[in-house]
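Each chain, written out:
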Amino acid sequence: EDVVAIAERAAKAAESFNELRTTLAAFEHCDLKKGARNLVFSDGIAGARVMLIGESPDREEDVAGKPFVGRTGQLLDKMLEAIQLGRDREEAPVYITNVLPWRPPQNRDPKPEDLAMMKPFLMRHIELAAPEVIVILGNSPCQALLGKRGITRLRGQWTQVAGRPALPMFHPSQLLKSPALKREAWADLLSLKARLRDG
Ligand code: URA
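Conventions and cut-offs
Residues numbered from 1 in each chain as written. Predicted model: local features only at pLDDT ≥ 70, side-chain atom pairs only at ≥ 80, totals over all residues. Heavy atoms only, no water. Core = buried A, V, L, I, M, F, W, Y, C linked by side-chain atoms within 4.5 Å. Buried < 20%, exposed > 50% of the residue type's maximum accessible area, 1.4 Å probe, protein only. Helix = DSSP H or I, 4+ residues; strand = E, 2+ residues; numbered from the N terminus. Contact = heavy atoms within 4.5 Å. Axes fitted to C-alpha atoms, helices over the stretch in contact; angles between N-to-C directions. Parallel < 35°, antiparallel > 145°, perpendicular 65-115°, else oblique. Left-handed = near helix turned anticlockwise from the far one by under 90°. Nonpolar A, V, L, I, M, F, W, Y, C, P; charged D, E, K, R; others polar. Expected span 1.5 Å × (residues − 1). Bend = angle between axes of the 7 residues up to and from the residue. Phe/Tyr/Trp six-rings, centres within 6.5 Å; stacked < 30°, edge-to-face > 60°. Lys NZ or Arg CZ within 6 Å of the ring centre and 35° of its normal. Pairing = 2+ DSSP bridges.

(A) Geometry of the nonpolar core. Membership of the largest hydrophobic core comes to 59 residues, with the highest contact counts inside it found for Leu85 and Met118. Among the elements that line this core, the one with the most residues is helix H6 (residues 112–129), at seven residues. With residues near it in sequence (within four places) discarded, Met118 still touches Leu24, Phe27, Cys30, Val99, Leu100, Pro101 and Trp102.

Structure below.
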């Protein structure tokens, strides 16, 4: 039996966030797990209106066992704050996860096999979180969720993931490398804010 089918069965059986986390922690078919220190499952408030999906943990996240805690995460927090959202903001929280729950060695780009294997868990995670709106940060989650890459063209265009409105945006690490892209990121944040206001 192929690993994607095994992953699908395991993911579907998880009835809660805790069960999904436990199932992931026990999933031995992804090589990334062997090189990682910690499982990075999520942060923020489960049940928030907005669910953000990043790529994979970096060094700091691997150590902390939490997504987006390093420099990239600090920028993400600032971006959210600019539209009055925040992972710990009680009145306007977000929920944050990554496509891959383990850090790839030397932060290499996720391989298509990794993304395909972990996608069933991500889809289940989305079902359990039931967000009103999904934000897709960068190419890897676009690859996993939309089956295509090309964030420069995809960003800012609302699409659907699991029957929910989803907005691809530049990943904050890309904004750190190319600050000129912040203009587009700001436009996308405003689009997200408008959607939440009208929704
Ligand atoms: N980049 C990501 O995509 N996710 C993290 O958790 C950290 C950096």
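From this point, the narrative continues.
(B) A look at the packing of helix H1 (residues 3–13) against H6. As a packed pair, H1 and H6 sit with axes 8 Å apart at the nearest point and diverge in direction by 15°. Taken together, the axis directions place H1 and H6 in an arrangement best described as roughly parallel. Classified by chirality, the crossing of H6 by H1 is right-handed. Contact residues: H1 offers Val3, Val4, Ala7, Glu8, Ala10, Ala11 and Lys12, while H6 offers Ala116, Met117, Pro120, Phe121 and Arg124. Of the residues belonging to the contact of H1 with H6, the class tally is nine nonpolar, no polar and three charged.

(C) H6, seen in detail. Here H6 contains 18 residues, and its C-alpha end-to-end distance of 25 Å stays within 8% of the 26 Å for a straight helix at 1.5 Å per residue. At Lys119, H6 shows its largest bend, some 40°, and a proline, Pro120, comes one to four positions later. The complete set of buried residues in H6 reads Asp114, Leu115, Met117, Met118, Pro120, Phe121, Leu122, Arg124, His125, Ile126 and Ala129. Phi turns positive, to about 45°, at Ala130, one or two residues after H6.

(D) Summary view of the packing of H6 against helix H7 (residues 139–146). Taken N-terminus to C-terminus, the directions of H6 and H7 make an angle of 80°; their axes are 10 Å apart at the nearest point. As summarised for this structure, H6 and H7 are arranged roughly perpendicular, according to the angle between their axes. Across the interface between the two elements, Leu115, Lys119, Leu122, Met123 and Ile126 of H6 pack against Ser140, Gln143, Ala144 and Leu145 of H7. Each residue belonging to the contact of H6 with H7 can be placed in one class, and the counts come to six nonpolar, two polar and one charged.

(E) Main features of the packing of aromatic side chains. With the rule as written, the count across this model stands at two aromatic pairs. Between Phe17 and Tyr95 the ring centres are 5.7 Å apart and the planes differ by 65°, which places this aromatic pair in the edge-to-face class. A residue pair is termed long-range when its members are at least 10 positions apart, and Phe17 in helix H2 (residues 17–25) and Tyr95 in strand E3 (residues 94–98) qualify at 78 residues. Ring centres 4.9 Å apart and planes at 70° place the aromatic pair Phe27 and Phe121 in the edge-to-face group. With Phe27 in the loop between H2 and helix H3 (32–35) and Phe121 in helix H6, the pair connects residues that are 94 residues apart, well separated along the chain. Judged by relative accessible area, which is 4%, Phe27 ranks as buried. Using a relative accessible area of 3% as the deciding quantity, one classes Phe121 as buried. One residue, Arg195, lies across the ring of Trp158, its end atom 4.2 Å from the ring centre.

(F) Up close: unusual backbone geometry. Residue Gln106 is not a glycine yet carries a positive backbone phi of 50°. Tracing the backbone through its elements, the reader meets Gln106 in the loop between E3 and H6. Here the phi dihedral of Asn107 falls at roughly 55°; this positive angle occurs in a residue that is not glycine. Mapped onto the elements of the fold, Asn107 is located in the loop between E3 and H6.

(G) Local environment of the pairing of strand E6 (residues 164–169). Of all six residues that make up E6, five are buried, and the element is covered over most of its length. Relative to E6, strand E4 (residues 133–137) runs parallel, the two sharing four bridges. Pairing of Val135 across the sheet is with Leu167, part of E6. Looking at chain direction, strand E5 (residues 159–161) and E6 are connected through three bridges and run antiparallel. By the bridge assignment for E6, Val161 is matched with Arg164.

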